[in-house]
Amino acid sequence: MSRHSFAPLFVTSARRHPSRYALAALALVMTGWTATGGLADPARADGAPAVPRSGPMAGPAHGIAQVGAIRALPSTSATVASSPSVSVAALRTAGTGAAPGVAPDQALSRRLAPVVAATPASISVAVLDPADGRAARYGVRAGATYDTASIVKVDILAALLLQAQDQHRGLTAQEKAFAASMIRVSDNASADALWRVIGKAPGLDAANRRLGLTDTTGGGGGHWGLTQTTATDQLALLTAVFGTDSPLDEASRSYLRGLMGGIAADQDWGVSAAGSVTGLKNGWLQRTATGRWDVNSIGLVRVDGHDRLVAVLSRGSVSMADGVQLVEKAAKAAVQALDGTA
């Protein structure tokens, strides 16, 4: 797949942020977008397993950072007080608390109706107020999972940090270099390296049992981008990172929050459209068999002084640009449904 297939996203985004995306476009030309988060899927049409493609195993790619395209998001050390075992468990059954007389799931469904009607893609959305447990979800059904693409990189790092805690050690300098590149510029070679360090899918699954991700299954072999997950599981992960009741200790949570708060400028899209973002990770993957796109986004946004954990998963968009627009519309609808705003 040519890196130029990424161009439609920049056309859309550059209209909103011309100076920022000029730098970002240069960075992608320098590094090659498939090496920095854009997974290629060479799956055959006969249904053979897809293999997310990365560059050769080497050190992390630094091209984007070198041209100044790293954006420091506000309040990168923000912690939200919450209890994952309570709030996320409630979200798995039904959202509670929204505009008077309107169930939040129903409110979100109404807001998403015109968005869903205008796209061939399917979406799954979940939003949580970590302060009071109010939540809403859409498209979350038993047995229905989505490819993670690069949002799994947050999960990979959480697994690595848990393993390091168990071993009573800090991350090595090389692990830190890989982690920074994997989260901030979504470097795939760095993800490949850390995927092996954590023990691939079995290591991820073991960590997820501790993190409260009950419906997430690590991708087979080296195919971390094909890890299967749900929107509610992604909120459980975000709660473990940004909350206080977590198997991750404070140092690990602070480290992960810092990296998610310093993402590359070209990747400032997705749930960040719904508010002031303090932590973000996006993922995108084109499936060869269909030519359609998986586009996902997770993060913590602040709206009118209130924190909102938001996860949007999608598959089947005709182009990446369409997928980004879909995810952003869904994120806005999720926050508005929870807050009962227009």
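Residues numbered from 1 in each chain as written. Predicted model: local features only at pLDDT ≥ 70, side-chain atom pairs only at ≥ 80, totals over all residues. Heavy atoms only, no water.

### A few points about the overall build of the protein chain
Convention followed: Runs of H or I in DSSP of at least four residues are treated as helices and runs of E of at least two as strands, each being numbered from the N terminus. Whether a residue is buried, partly exposed or exposed follows from its accessible area with a 1.4 Å probe, protein chains only, as a fraction of its type maximum: under 20%, in between, or over 50%, in that order. What makes two residues a contact is simply this: any of their non-hydrogen atoms within 4.5 Å. Each accessible area is a Shrake-Rupley result for a 1.4 Å probe, and residues are judged covered by the shown protein chains and nothing else.
Along the backbone of the protein chain there are 12 helices and eight strands. For the protein chain, with 342 residues in total, the buried portion stands at 56%. Contacts in the protein chain between residues far apart in sequence, at least 24 positions, make up 72% of those at least 6 positions apart. For the protein chain, the accessible area works out to roughly 12,400 Å², and carbon and sulfur atoms hold 56% of it.

### A closer look at the confidence of the model for the protein chain
Low pLDDT marks stretches whose predicted atomic positions should not be read closely. Basically, it comes down to this: Think of pLDDT as the predictor's per-residue confidence, scored from 0 to 100.
Of the residues in the protein chain, 70% have a pLDDT of 70 or more, and the chain-wide mean is 80. Residue range residues 1-36 is modelled with pLDDT below 50. Its contacts to residues more than four positions away, or to other chains, number 67 contacts. Confidence drops under a pLDDT of 50 for residues 94-101, and excluding neighbours within four residues, the segment shows 18 contacts in the predicted structure.

### What to know about the nonpolar core
Stated precisely, the cut-off is as follows: Within this scheme, the nonpolar core is defined by two criteria: the residues are buried Ala, Val, Leu, Ile, Met, Phe, Trp, Tyr or Cys, and they are joined through side-chain atoms within 4.5 Å.
Counting 48 residues, the largest nonpolar core has Val154, Ile156, Leu157, Leu211, Leu256 and Met260 as the members making the most contacts within it. Considering each element in turn, this core owes the most residues, 10 residues, to helix H6 (residues 152-166). Excluding residues within four positions of it along the chain, Leu256 makes contact with Val154, Leu157, Ala158, Leu161 and Val241. Ala107, Ile123, Trp293 and Leu326 belong to the second largest nonpolar core, which has 33 residues in total.

### Regarding the packing of helix H7 (residues 173-184) against helix H8 (residues 188-197)
For the record, the criterion: Simply put, an axis is a line fit to the C-alpha atoms, just over the touching stretch for a helix, and the angle between two N-to-C directions goes from 0 to 180 degrees. Any angle between 65 and 115 degrees counts as roughly perpendicular, while under 35 counts as roughly parallel, over 145 as roughly antiparallel, and the rest as oblique. Here a crossing is called left-handed whenever its near helix is offset anticlockwise from the far helix by less than a right angle, and right-handed whenever the offset is clockwise.
Close contact between H7 and H8 brings their axes to 8 Å; oriented N to C, the two are set at 130°. On the basis of their axis angle, the class for H7 and H8 is oblique. Crossing handedness for the pair H7 and H8: left-handed. Contact residues: H7 offers Glu175, Phe178, Ala179, Ser181 and Met182, while H8 offers Ser190, Ala191, Ala193, Leu194 and Val197.

### As for the side chain of Thr227
Operational definition: Here a polar contact means two N or O atoms within 3.5 Å. Within protein one must be a hydrogen donor candidate and the other an acceptor candidate, and residues neighboring in sequence count only if both atoms are side-chain atoms.
Relative to the elements of secondary structure, Thr227 occurs in the loop between helix H9 (200-211) and strand S5 (228-229). In terms of polar contacts, Thr227 uses its side chain to reach the backbone amide nitrogen of Gly219, at 3.0 Å. Apart from the residues within four sequence positions on either side, Thr227 is in contact with Tyr146, Asp147, Thr148, Val152, Trp195, Leu204, Thr216, Thr217, Gly218 and Gly219.

### Points about unusual backbone geometry
Its identity as a non-glycine residue notwithstanding, Ala149 has a phi of 50°, on the positive side. Along the polypeptide, Ala149 turns up in the loop between strand S4 (146-147) and H6. Classification of Ala149 by relative accessible area gives buried; the value is 0%. Of note in the backbone geometry, Asp304 takes a positive phi value of approximately 50° without being a glycine.

### Some words on the pairing of strand S6 (residues 276-287)
Within a regular beta strand, the side chains point alternately toward one face of the sheet and then the other, so they alternate between its two faces. Note the cut-off: Two strands form a pair only when DSSP identifies at least two bridges running between them.
With 10 of its 12 residues buried, S6 lies for the most part within the structure. Relative to strand S7 (residues 293-303), S6 is paired through 10 bridges, and the arrangement is antiparallel. Bridge pairing in S7 places Ser276 opposite Arg302. The antiparallel hairpin formed by S6 and S7 contains five residues in its connecting segment, where Gly291 sits at a positive phi of about 80°.

### Re the pattern of salt bridges
Stated formally: A side-chain nitrogen of Lys or Arg and a carboxyl oxygen of Asp or Glu constitute a salt bridge if their distance falls within 4 Å.
Throughout the structure, instances matching the rule amount to 12 salt bridges. Residue Asp132 pairs with Arg134 through a salt bridge whose shortest N-O separation is 3.0 Å. Look at Asp132 and you get partly exposed, because its relative accessible area is 46%. Between Arg287 and Asp147 there is a salt bridge, with the nearest N and O atoms lying 2.5 Å from each other.

### So, the packing of aromatic side chains
What counts is decided by this rule: For Phe, Tyr and Trp, where Trp contributes only its six-membered ring, two rings pair if their centres lie within 6.5 Å, and the inter-plane angle classes them as stacked under 30 degrees, edge-to-face over 60, or tilted in between. Charge-over-ring placement is defined geometrically: NZ (Lys) or CZ (Arg) within 6 Å of the ring centre, and within 35 degrees of the ring normal.
Using the criterion set out here, one finds one aromatic pair in the structure. Between Trp269 and Trp284, the aromatic rings sit 5.8 Å apart at their centres with planes inclined by 55°, giving tilted as the arrangement. Residue Trp269 is located in the loop between helix H11 (250-260) and S6, and its partner Trp284 is located in strand S6; the two are separated by 15 residues in the primary sequence. Its end group placed over the ring of Tyr146, Arg315 keeps NZ or CZ at 4.0 Å from the ring centre.

### Considering the side chain of Asp268
Mapped onto the elements, Asp268 comes out in the loop between H11 and S6. Only 3.1 Å separates the side chain of Asp268 from the side chain of Ser272, close enough to count as a polar contact.

### Some remarks on the pairing of S7
Of all the 11 residues making up S7, 10 are buried; the element is thus mostly covered by neighbouring parts of the structure. As judged from the nine bridges shared by S7 and strand S8 (residues 306-317), these two strands associate in the antiparallel manner. Pairing of Ile298 across the sheet is with Ala311, part of S8. Two successive antiparallel strands, S7 and S8, enclose a turn made up of two residues, where Asp304 displays a positive phi of approximately 50°.

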